[in-house]
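# Report on the structure
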Protein chains: 2
Amino acid sequence: MSEKISEAELVVMESLWEAAPQAANDIADRVAADRDWSLQTVKTLLSRLMAKDVIAADQDGRRFLYRPLVAREDYVAGESGRLVNRLFGGRVSPLVAQLASQDQLTAEDIAELEEILKGLKS
Amino acid sequence: MSEKISEAELVVMESLWEAAPQAANDIADRVAADRDWSLQTVKTLLSRLMAKDVIAADQDGRRFLYRPLVAREDYVAGESGRLVNRLFGGRVSPLVAQLASQDQLTAEDIAELEEILKGLKS
DNA sequence: TCGCATCGATTACGGATGTAGTCAATAACG
DNA sequence: CGTTATTGACTACATCCGTAATCGATGCGA
């Protein structure tokens, strides 16, 4: 039952999902593009993620190399499921209908959705 | 730009979306099924929702009748869009693929998705 | 060897959140 | 008319979150 990952923590996780393991420094550099955080802030987020048992660290000299313990797919699956349950009573099609009405569906999405459906019907 | 609605606040909003206007008492009764909250807790959440300008209250004798100021569809649209952006780079089909792989798609969903796609292609 | 740079750990602090308790006003009841 | 119940307003308080500053240990360069 991994605990909830906050918005800021997620930015760090994304960095670790892109490349692992990384030292705190590497992560700070990598996320600098998105957020204007000090190195200390990144380190705080890392220790909170450690406390939540969603990352682990291996010592490398006098620093640590961090790596994710939960796969991005698992996290994403949990969040997606949670949203669908909270807002759409667990039904997926209203979600898609919602997004379609917002014009969030690209032509590519439509093609891919058709593929998915085709796969499911067999 | 209405502010963020918290998890607990959302429970109150759902009650108001189901029926409005309602007095604090009615809401407390209605949400009692889900959460074991005191009446005071519900009132606190109501005043926070007032502060966030997502509900309004009209006086009725010595109490207030509360009603939502934002439509459920608008809220849901925002949250759905946010999730798709955060986790799927704004692309919808990976989300559906994700949910499909979790077996979250019912036969009914599949049929409705086909309808949605049919509508979009015309 | 002595000071500086760097690392993780600890502490800080304001705002949001969850979950109430208490208070003052007032309506209703006896 | 006095008491009780009810209502919204205000206050409380622990935890989480965002964003860091500071501290103590240690390695590195002069």
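Here, every reference points to the structure presented above.
Residues numbered from 1 in each chain as written. Chains lettered and ligands numbered in written order. Predicted model: local features only at pLDDT ≥ 70, side-chain atom pairs only at ≥ 80, totals over all residues.

### Examining the overall build of chain A
Using the following cut-off: Counting from the N terminus, the helices are DSSP H or I runs at least four residues long and the strands are E runs at least two residues long. Here the radius of gyration uses the C-alpha set of atoms, whereas the globule reference equals 2.2 Å times the residue count to the power 0.38. We call two residues in contact when their backbone-placed C-beta atoms lie within 7 Å.
Scanning chain A for helices and strands turns up six helices and two strands. Along chain A, helices (α) and strands (β) appear in the sequence α-α-α-β-β-α-α-α when read from the amino end. In terms of C-alpha radius of gyration, chain A reaches 18 Å, well past the compact-globule figure of 14 Å for 122 residues. In terms of overall dimensions, chain A has a C-alpha envelope of 55 × 30 × 25 Å along the principal axes. Considering only intrachain contacts with a sequence separation of at least 6, the fraction spanning at least 24 residues in chain A is 43%.

### Overview of unusual backbone geometry
Residue and element names in this part refer to chain A. Cis rather than trans, the peptide bond between Ala20 and Pro21 has omega equal to -5°. Note on placement: Pro21 falls in the loop between helix 1 (7-18) and helix 2 (24-31). Even without being a glycine, Asp103 presents a positive backbone phi close to 60°. Residue position: Asp103 is located in the loop between helix 5 (93-101) and helix 6 (107-121).

### So, the relation of the copies chain B and chain A
Here is the rule: The copies were overlaid with a least-squares fit restricted to C-alpha atoms from residues scoring a pLDDT of at least 70 in each copy.
Overlaying chain B with chain A gives an RMSD of 0.1 Å, the required rotation being 179° about an axis along which the chain moves by 0.0 Å. In symmetry terms, the pair is related by a two-fold rotation axis. Most of the interface of chain B is mirrored in chain A: 100% of its interface residues are interface residues there too.

### Observations regarding the interface of chain B and chain A
Buried accessible area, meaning the area lost when the parts come together, often serves as the stated size of an interface. Using the following cut-off: Note on residue categories: nonpolar means Ala, Val, Leu, Ile, Met, Phe, Trp, Tyr, Cys or Pro, charged means Asp, Glu, Lys or Arg, and polar means any other residue, Gly included.
With 29 residues of chain B in contact, the opposing surface of chain A contributes 29 residues. Of all the elements in the fold, those that place two or more residues in the side of chain B that touches chain A are helix 4 (72-88), helix 5 (92-101) and helix 6 (107-121) of chain B. In terms of residue count, helix 6 of chain B provides more of the side of chain B that touches chain A than any other element does, nine residues in total. Tallied by class, residues from the side of chain B that touches chain A come to 17 nonpolar, six polar and six charged.

### Some remarks on the protein's contact with DNA strand C
The test is simple: A residue counts as near a molecule or strand when its C-beta atom, positioned from the backbone, falls within 6 Å of it.
Residues in close proximity to DNA strand C total 22 residues, the closest being Arg63(A), Ser6(B), Glu7(B), Ala8(B) and Ser38(B). The set of elements that each furnish at least two residues to the surface near DNA strand C consists of helix 2, helix 3 (39-51) and strand 2 (63-68) of chain A together with helix 1 (7-18) and helix 3 (39-51) of chain B. Among the residues forming the surface near DNA strand C, the class breakdown is six nonpolar, nine polar and seven charged.

### Regarding the protein's contact with DNA strand D
Of all residues adjacent to DNA strand D, which total 23 residues, the nearest are Ser6(A), Glu7(A), Ala8(A), Thr44(A) and Arg63(B). Only helix 1 and helix 3 of chain A together with helix 2 (24-31), helix 3 and strand 2 (63-68) of chain B provide two or more residues apiece to the surface near DNA strand D. Grouping the amino acids of the surface near DNA strand D by side-chain chemistry returns six nonpolar, nine polar and eight charged.

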